[in-house]
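Observations on the three-dimensional arrangement
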Amino acid sequence: EVQLVESGGGLVQAGGSLRLSCAASGFSFDDYAIGWFRQAPGKEREGISCITISDSSTYYADSVKGRFTISSDNAKNTVYLQMNSLKPEDTAVYYCAASLIYGTLTLELYEYWGQGTQVTVSS
């Protein structure tokens, strides 16, 4: 069974930090790119970062560039999202997803999705 399981969400004050984890199983981890997406109530789901597992190349949306860092621990089949300098606008459900197309945050190209983890940033 293919699984992507997010963890690490919670409530933090503006300016604080959180580290999200995405644990993958049931597919060939090193053949995929793993992306992070988020969705606030009433908003479209947006891509924020992705990593190509085979060569560790990364991409960031402008909204998080310089504040968030994506990384992977390939021995654990796990991808992380370190989130610093958090803003209330970062409040959303955060999802990880897997794609065979590298270097993209196009939602339709991601075939496997996790259940999401809530991040709330208070002002």
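Each chain carries its own residue numbering, running from 1 in the direction its sequence is written. Where local features are concerned, this predicted model is filtered to residues with pLDDT of at least 70; where side-chain atom pairs are given and counted, the filter is 80 or more; whole-chain, interface and lining totals use all residues. Here the side-chain values reflect all heavy atoms present in the structure, with hydrogen atoms and water set aside.

Structural notes on the state of the cysteines
Disulfides are defined in this document as cysteine sulfur pairs within 2.5 Å. Scanning all chains against the criterion turns up 1 disulfide. At a sulfur-sulfur separation of 2.1 Å, the disulfide partner of cysteine 22 is cysteine 96. An S-S torsion of about 75 degrees defines the bridge between cysteine 22 and cysteine 96 as right-handed. Here cysteine 96 lies in strand S9 (residues 92–99) and cysteine 22 lies in strand S3 (residues 18–25), a separation of 74 residues in the sequence. The closest cysteine sulfur to the non-disulfide-bonded cysteine 50 is located on cysteine 22, 13 Å from its own sulfur. A run of DSSP states H or I qualifies as a helix once it reaches four residues; a run of E qualifies as a strand once it reaches two. Both are numbered from the N-terminal end.

Describing the packing of aromatic side chains
Aromatic rings from Phe, Tyr and Trp, taking only the six-membered ring of Trp, are treated as a pair when their centres fall within 6.5 Å; an angle between ring planes under 30 degrees marks them as stacked, one over 60 as edge-to-face, and anything in between as tilted. Applying the stated criterion across every chain, the model contains 6 aromatic pairs. Judged by centre distance (5.9 Å) and plane angle (35 degrees), the rings of tyrosine 32 and tyrosine 112 are tilted. Of this pair, tyrosine 32 sits in the loop between S3 and strand S4 (33–39) while tyrosine 112 sits in strand S10 (residues 112–113), and the two are 80 residues apart along the sequence. Summary of the burial criterion: residues with accessible area below 20% of their type's maximum are buried, those above 50% are exposed, and those between are partly exposed, where the area comes from a 1.4 Å probe applied to protein chains only. A relative accessible area of 23% places tyrosine 112 in the partly exposed class. The criterion is that NZ of a Lys, or CZ of an Arg, lies within 6 Å of the ring centre and within 35 degrees of the ring normal, and then a charge sits over that ring. When the ring centre of tyrosine 95 is taken as reference, the NZ or CZ atom of arginine 45 above it lies at 3.9 Å.

Structural notes on the pattern of salt bridges
Salt bridge criterion: a side-chain nitrogen from Lys or Arg within 4 Å of a carboxyl oxygen from Asp or Glu. For the structure on display, the rule yields 4 salt bridges. Where arginine 38 meets aspartate 90, a salt bridge forms, and the shortest distance between an N and an O atom there is 2.8 Å. Note that arginine 38 is positioned in strand S4 and aspartate 90 in the loop between strand S8 (78–83) and S9, a separation of 52 residues in sequence. With relative accessibility at 6%, the residue arginine 38 sits in the buried group. A salt bridge links aspartate 62 to lysine 65, with the nearest nitrogen and oxygen atoms 3.3 Å apart. Taken together, the shared-partner salt bridges connect Arg38, Glu46, Arg67 and Asp90 into one network.

By themselves, these are just geometric observations and shouldn't be taken as functional.
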